[in-house]
Amino acid sequence: QGLDLLNNQCSLLSLKVDGTPIELTGPIDITLLFNRSNAFGLIPDYGEFSRWALIALGLAVAAIMLGFALRRSTSIVNALGFAFISAGALGNAIDRVRLGAVVDLFDASKLRFVWAFNVADVSIDLGVGLVLSAALVPALASRKVERASD
């Protein structure tokens with residue numbers, strides 16, 4: 001989450017906001033965009049209502065995922081996955097509070113992926129991947145998080 005905030009702040013200070021891409025070698029370019037909707041633009045932008053509803057949703061998801069990560073019965077892989085999801089949801093919620101929108105800057109349109117994304121989105125995707133891996137590969141879910149006894 002701190003990496004997302006640092007990355008976004010550096011991007012805001014050094015990139016143009018008009019959506020002009022900076023072409024890089026490799027599959028990803030840099031294009032600074034402000035996303036006022038949610039993932040993949042599934043929810044229309046209803047102004048401040050959308051902003052605050054998505055902030056509330058992001059904070060709720062972050063809290064719930066953090067709760068799952070801290071449960072004694074959670075495997076290490078699941079705990080890491082839940083923590084990554086929580087951090088990403090929190091990072092996007094903080095962007096919405098500070099700026100009114102999520103700062104997106106990674107552009108993978110060379111790979112025919114039409115949506116821009118940010119570090120918080122990568123964190124969420126990584127977390128979902130870890131949770132799914134633990135669900136599909138039983139050996140990953142077997143080792144539990146050890147906690148010191150009270």
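Structure's up top.
Here's a quick rundown of the structure. Nothing here was measured: the structure is a model prediction, and the numbers come from that model.

Our focus in this paragraph is the packing of aromatic side chains. Tallied over the entire structure, the rule returns four aromatic pairs. Here phenylalanine 106 and phenylalanine 117 contribute two aromatic rings whose centre-to-centre distance is 5.7 Å and whose plane-to-plane angle is 45 degrees, an arrangement assigned as tilted. Remark: phenylalanine 117 occurs in strand E3 (residues 116-117) and phenylalanine 106 occurs in strand E2 (residues 102-107); sequence separation between them is eleven residues. Centre to centre, the rings of phenylalanine 113 and tryptophan 115 are 5.4 Å apart; their planes meet at 70 degrees, and the pair counts as edge-to-face. Exposure remark for tryptophan 115: the relative accessible area of 38% places this residue in the partly exposed category. Clustering of aromatic rings is evident, with ring pairs tying together Phe106, Phe113, Trp115 and Phe117.

Here we take up the packing of helix H3 (residues 76-99) against helix H4 (residues 119-136). Viewed as axis vectors pointing N to C, H3 and H4 meet at an angle of 155 degrees, and their least axial separation amounts to 7 Å. Here H3 lies roughly antiparallel to H4, going by the angle between them. When you trace H3 past H4, the crossing you get is left-handed. Facing H3, whose interface residues are Val77, Asn78, Leu80, Gly81, Phe82, Phe84, Ile85, Ala87, Gly88, Ala89, Gly91 and Asn92, H4 presents Ala120, Asp121, Ser123, Ile124, Leu126, Gly127, Val128, Leu130, Val131 and Ala134.

What follows concerns H3. With 24 residues, H3 extends 34 Å between its outermost C-alpha atoms, agreeing within 8% with the 34 Å of an ideal straight helix rising 1.5 Å per residue. Note on H3: the residue one or two positions beyond its end, glycine 100, has a positive phi of about 85 degrees.

Under the definition given, this model contains three salt bridges. For glutamate 48, the salt bridge is made with arginine 51, and the minimal N-O distance between the two is 3.3 Å. Taken together, the residues span about one helical turn, with glutamate 48 and arginine 51 both in helix H2 (residues 48-69) at a distance of three residues. Residue glutamate 48 is classed as partly exposed on the basis of its relative accessible area of 47%. A salt bridge links arginine 98 to aspartate 95, with the shortest nitrogen-to-oxygen separation between them at 3.9 Å.

Note on placement: valine 131 falls in helix H4. With 81 residues separating them in the primary sequence, valine 131 and serine 50 have C-alpha atoms 28 Å apart. Not counting chain neighbours up to four residues away, the residues in contact with valine 131 comprise Asn78, Gly81, Phe82 and Ile85.

Before going further, it helps to examine the layout of surface pockets. Rolled over the atoms, a probe as big as a water molecule pinpoints where empty space is left. Volume-wise, the largest pocket comes out at about 690 Å³. In terms of lining residues, the largest pocket is bounded by 27 residues, among which Asn38, Ala39, Asn92, Asp121 and Ile124 are the most central. Secondary structure elements with two or more residues in the lining of the largest pocket: strand E1 (29-35), H2, H3, E2, E3 and H4. Counting residues per element, the lining of the largest pocket draws most heavily on H3, which supplies six residues. Looking at the lining of the largest pocket residue by residue, the classes come out as 16 nonpolar, seven polar and four charged.

The rules we used
Residues numbered from 1 in each chain as written. Predicted model: local features only at pLDDT ≥ 70, side-chain atom pairs only at ≥ 80, totals over all residues. Heavy atoms only, no water. Phe/Tyr/Trp six-rings, centres within 6.5 Å; stacked < 30°, edge-to-face > 60°. Helix = DSSP H or I, 4+ residues; strand = E, 2+ residues; numbered from the N terminus. Buried < 20%, exposed > 50% of the residue type's maximum accessible area, 1.4 Å probe, protein only. Axes fitted to C-alpha atoms, helices over the stretch in contact; angles between N-to-C directions. Parallel < 35°, antiparallel > 145°, perpendicular 65-115°, else oblique. Left-handed = near helix turned anticlockwise from the far one by under 90°. Contact = heavy atoms within 4.5 Å. Expected span 1.5 Å × (residues − 1). Salt bridge = Lys/Arg side-chain N within 4 Å of Asp/Glu carboxyl O. 1 Å grid on protein atoms, 1.4 Å probe; cavity = no way out; pocket = protein on both sides within 12 Å on 5 of 7 lines; lining within 4 Å. Points joined across faces, edges and corners; volume = space filled by probe spheres on them. Nonpolar A, V, L, I, M, F, W, Y, C, P; charged D, E, K, R; others polar.

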